[in-house]
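# A structural walkthrough
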Amino acid sequence: MQDIKAMAEQVLAGNRRALARAITLVESGRDDHRTQALALLEALRGHDRTALRVGLSGTPGVGKSTFIESFGMMLTGQGLRVAVLAVDPSSARSGGSILGDKTRMERLSRDKNAFIRPSPSQSQLGGVARRTREAIDLCEAAGFDVILIETVGVGQSETMVSEMSDLFLLLLAPAGGDELQGVKRGIMEMADILLVNKADGDLKHTAMRTCADYAGALRLLRKRPQDPQDFPKALTVSAVEQNGLDTAWDTMRELNTWRRDHGHFEARRAAQARHWFEAEVRERLLARLASDPVRGIMTDLGSQVENGTMTPSSAAEALLREHLSLE
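Right, let's walk through the structure included here.

About the thresholds
- Residues numbered from 1 in each chain as written.
- Predicted model: local features only at pLDDT ≥ 70, side-chain atom pairs only at ≥ 80, totals over all residues.
- Heavy atoms only, no water.
- 1 Å grid on protein atoms, 1.4 Å probe; cavity = no way out; pocket = protein on both sides within 12 Å on 5 of 7 lines; lining within 4 Å.
- Points joined across faces, edges and corners; volume = space filled by probe spheres on them.
- Helix = DSSP H or I, 4+ residues; strand = E, 2+ residues; numbered from the N terminus.
- Nonpolar A, V, L, I, M, F, W, Y, C, P; charged D, E, K, R; others polar.
- Axes fitted to C-alpha atoms, helices over the stretch in contact; angles between N-to-C directions.
- Parallel < 35°, antiparallel > 145°, perpendicular 65-115°, else oblique.
- Left-handed = near helix turned anticlockwise from the far one by under 90°.
- Contact = heavy atoms within 4.5 Å.
- Salt bridge = Lys/Arg side-chain N within 4 Å of Asp/Glu carboxyl O.
- Buried < 20%, exposed > 50% of the residue type's maximum accessible area, 1.4 Å probe, protein only.

We now examine the layout of surface pockets. By volume, the largest pocket is sized at about 870 Å³. For the largest pocket, the lining is made up of 28 residues, of which R45, R53, R133, D137 and A273 are closest to its centre. In terms of residues, the lining of the largest pocket owes the most to one element, helix α13 (residues 264-289), which gives nine residues. Residue classes in the lining of the largest pocket are distributed as ten nonpolar, four polar and 14 charged.

Another point: the packing of helix α3 (residues 31-44) against helix α7 (residues 132-141). Taken N-terminus to C-terminus, the directions of α3 and α7 make an angle of 40°; their axes are 11 Å apart at the nearest point. Classed by the angle they form, the pair α3 and α7 counts as oblique. Once α3 is placed against α7, the crossing between them reads as left-handed. Between α3 and α7, the residues in contact are R34, L40, L41 and L44 and E134, L138 and A141, respectively. Residue composition of the contact of α3 with α7, grouped by class: five nonpolar, no polar and two charged.

What follows covers the pattern of salt bridges. Across all of its chains, the model carries 22 salt bridges by this definition. As a salt-bridge pair, D250 and R253 come within 2.8 Å of each other at their nearest N and O atoms. In this pair, D250 and R253 are both assigned in helix α12 (residues 245-261), three residues apart and thus about one turn of the helix distant. Classification of D250 by relative accessible area gives partly exposed; the value is 41%. With relative accessibility at 40%, the residue R253 sits in the partly exposed group. Between R321 and E317 there is a salt bridge whose closest N-O contact spans 3.2 Å. You can see R321 and its partner E317 sitting in helix α15 (residues 312-323), four residues apart, about one turn around the helix. The exposure class of E317 is partly exposed, given its relative accessible area of 41%. Overlapping salt bridges, with partners in common, bring together R34, R131, R133, E134, E280, E283 and R284 in one network.

Encoded structure:
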């Protein structure tokens, strides 16, 4: 049994080892660990620390890890504390992370002002780890200034990470023509800033043309109430040459400041809290359906539906009313 009060105090003091243990606790699937995790989160509730939560997505191979390392190093160089929550694809055999972001961000992982936590997606929809949102709360409580949430970029993850972040960045590779058409309109509508990476060497001019194409596409989208004039924006960056990173950071701060001044920041945080409450209720209900004795009852009712002795609707009604106490 872990001392939850002591762990909470250590997390608030910025102890990195305590933070790592706390994230491990909230990611655990054990019932006793879940009880302790809820107690820890409750103990940390009410702290007045607010980090800038930045979601980042993009197709595999676009250079997300290279960008995060260069961008993170720039931020720590300015005296900021940076946490990176990198959601890795999971091994189907062991359930662990396949890619291991710490091996891909060697310089940043050694920085005393940075904290990198690779988390296996564990087959969750969209590739976002089940407790990523709680890990964000823990990093914020630990006093980090910027929290970067990287997803595996498999489509649905963009929707989920946008519900966890204050700003959502979409990292893109230099492309043109048909490849440009492959970026879904829905993802573009969610993005606050589009960053065309690899704007260096032979690809520099291609990246600039691609950026101009995206900027034109963004102007055709419907204006969002949470955006000032000229947002969303498309910018070029080079993670390798570290060009454009300062401009991207200035743009992020400009947008975040405008949203704070106009009430959008707090309203979005409140709406996200409501969203995750409803998601947690759905998740817990589905978990009950997969556990005994409800799982056995579902099997029996399913057999009756197959045999024609019950209709699907009446079987579902019986399960919800009699066995889950829901009407």
